[in-house]
Amino acid sequence: MQATLVGLQHPHAMSHLATLQQLSEVESIAVCGESRADLERVKDRQGAKVTAWHTDLGALLDRCRPFFAIVCVRNDRGPASFSRVLEAGVHLMAEKPIGRNAAETQQVLDTAAQGEALLSVCYQTRSYPVFRRMRSILREGLLGELLSVEVRALYTQVKDRNPRHWLFNKEHAGGGVISWLGCHDLDRIRFITGEDYATVSAQVATRSGEDIDVEDMANLSLTLESGTLVSMHLGYVLGQSGSGYHNSAGNDVYLGVNGRLGRMYMTGIGLGDASRLHVETLHPAWNAAPRRTFEFEIADSPAYCGVAGENFIRSFVHAAQGRAEPPTTGEDALHVARVMDAAYASSDTGRRIALV
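Residues numbered from 1 in each chain as written. Predicted model: local features only at pLDDT ≥ 70, side-chain atom pairs only at ≥ 80, totals over all residues. Heavy atoms only, no water.

Draft legend 1. Region of the structure containing unusual backbone geometry. Each neighbour pair has its own omega, and for K96 with P97 the value is 5°, a cis peptide bond. You can see P97 is positioned in the loop between β5 (91-94) and α5 (102-113). Residue R65 is not a glycine yet carries a positive backbone phi of 45°. Residue class for R65 comes out exposed when judged on its relative accessible area of 63%. Here the phi dihedral of C305 falls at roughly 70°; this positive angle occurs in a residue that is not glycine. Take C305: it is sitting in the loop between β14 (291-296) and α9 (306-320). Judged by relative accessible area, which is 7%, C305 ranks as buried. (Helix = DSSP H or I, 4+ residues; strand = E, 2+ residues; numbered from the N terminus. Buried < 20%, exposed > 50% of the residue type's maximum accessible area, 1.4 Å probe, protein only.)

Pasting the structure below:
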């Protein structure tokens, strides 16, 4: 089958191209860049499968008629590109967060609903074995009734991420660390617990000292539908973890889940550094060994997020073929967008925002 990559100026563009190169299901790739200069910049890294280069998305869709597309463009340009791909009947893996807000995200979902093309969102960490294990532990009831969830997600400072990048421009990006990275955390909690959010209270701040107009730090206090409390601290704060955007050492990620019968918590995100999951429970099924530790190291691959990333896109392709359920849907993106909107509104007003 033929696949298409749309967008070359996105931080994930070359990683997505590498994923398409790795997938055996993909026989050829058509690339659409924002300019001829963008195409020339990456042609020496194209790989053997790239057979067409375009700067006009409409012309690419007409001539190549791909089976699916991965679209990764600037956030404010996303909805128009996503809708155009869907209107052409092409199955779409859209880079998160799809829209700068819930209204833009809803517009893309409305377009998808008018046709038969599948819409998924690139929350690919759902495919990480550590998060899938956490999900299964909760489904098995090993922690009992859920009480609280804790998230700490800290990353390299803004100065190491090019403060002039569109990611730090509110008009282009829509938001800062919540929109760009916190969206993954918000989605992961929904994925692991199987619950939607009920309320949001948040404080956001810009503390980097750089000339940016989006938040680089955020504290969120949320509740799930069951009443479970969720606390989340996000920030571009690490100053001694090296520099550069693609820096696996530049993450400090913790996710903990607490229940009446026990708890589990993971550290490390599994890219260049193994994730470890620690579990302790009073559940009788584990009475012989109530404390256990699991280690997950994602198998290496040039693909975005390693072999786990390959599996994520492959599952999307299989869903588009009618062979499986999609790994994510547009509704997943909309749920997260609504939470992010509420977080910004809460910070602006000082009020807790109800989502239901």
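Draft legend 2. The arrangement of the pattern of salt bridges in detail. Taken as a whole and assessed by the stated rule, the structure comprises 16 salt bridges. One salt bridge connects K43 with E40, and the closest N-O pair in it is separated by 3.8 Å. For K43, a relative accessible area of 28% gives the class partly exposed. A salt bridge links D252 to R152, with the shortest nitrogen-to-oxygen separation between them at 3.1 Å. One end of the pair, D252, is in strand β11 (residues 251-259); the other, R152, is in strand β7 (residues 146-156), and 100 residues separate them in sequence. (Salt bridge = Lys/Arg side-chain N within 4 Å of Asp/Glu carboxyl O.)

Draft legend 3. Structural detail: helix α3 (residues 57-64). Among the eight residues that make up α3, six are buried, leaving the element largely enclosed by the rest of the structure. Among the structural elements, β1 (2-6), β2 (28-32), β3 (50-54) and α4 (78-87) are those in contact with the buried residues of α3. Put simply, D56 is the residue that caps the front of α3, since its side-chain oxygen is 2.9 Å from the backbone nitrogen of G58. One or two positions beyond α3, positive phi appears at R65, with a value near 45°. (Contact = heavy atoms within 4.5 Å. Polar contact = N/O pair within 3.5 Å; in protein donor to acceptor, adjacent residues only side chain to side chain.)

Draft legend 4. Inspection of the pairing of β11 at higher detail. Most of β11 is tucked away, with seven of its nine residues classed as buried. The sheet contact formed by β7 and β11 spans nine bridges and is antiparallel. Within β11, the position partnered with Y155 by the bridge is N251. Pairing analysis gives five bridges linking β11 to strand β12 (residues 262-267), with the strands arranged antiparallel. The residue of β12 that forms the bridge with V257 is M264. Hairpin connection of β11 to β12: two residues between the antiparallel strands. (Pairing = 2+ DSSP bridges.)

Draft legend 5. Examining the nonpolar core more closely. Counting residues in each nonpolar core, the largest one holds 89 residues, and the members touching the most others are L119, F131, M134, L186, L220, M264 and L277. Apart from the residues lying within four places of it in its own chain, the contact partners of L119 are L86, L92, A94, I98, V108, L109, A112, T328, T329 and G330. Membership of the second largest hydrophobic core comes to 26 residues, among which are L8, F68, C72 and L118. (Core = buried A, V, L, I, M, F, W, Y, C linked by side-chain atoms within 4.5 Å.)

Draft legend 6. Highlighting the environment of T4. Following the sequence through the fold, T4 ends up in strand β1. Spatially, the C-alpha atom of T4 lies 9.1 Å from that of R65, the residues being 61 residues apart in sequence. If we skip the residues at most four places from it in the chain, T4 touches L20, A30, L60, P66, F68, A69 and I70.

Draft legend 7. Up close: the side chain of T199. Among the structural elements, T199 can be located in strand β8 (residues 197-205). Taking the relative accessible area as the measure of exposure, T199 reaches 17% and is therefore buried. Within the structure, T199 has its side chain in polar contact with the side chain of T223 (distance 2.5 Å). A polar atom in the side chain of T199 sits 3.0 Å from the side chain of R352. Aside from chain neighbours lying at most four places away, what touches T199 is S221, L222, T223, R352, I353 and A354.

Draft legend 8. Representation of the packing of aromatic side chains. Evaluation of the coordinates by the stated rule reveals seven aromatic pairs. Residues Y128 and F131 carry aromatic rings whose centres are separated by 6.0 Å and whose planes lie at 15° to one another, so their mutual orientation is stacked. According to the relative accessible area criterion, Y128 is buried, its value standing at 2%. A residue is classified by how much of its surface remains accessible, and F131, at 1% relative accessible area, is buried. Grouping aromatic residues by their ring pairs yields a cluster made of W286, F294 and F296. Over the ring of F294 we find R133, and its NZ or CZ is 4.6 Å from the ring centre. The ring of W286 carries the charged tip of R292 above its face, separated from the ring centre by 4.0 Å. (Phe/Tyr/Trp six-rings, centres within 6.5 Å; stacked < 30°, edge-to-face > 60°. Lys NZ or Arg CZ within 6 Å of the ring centre and 35° of its normal.)

This is a description of form; function is not addressed.
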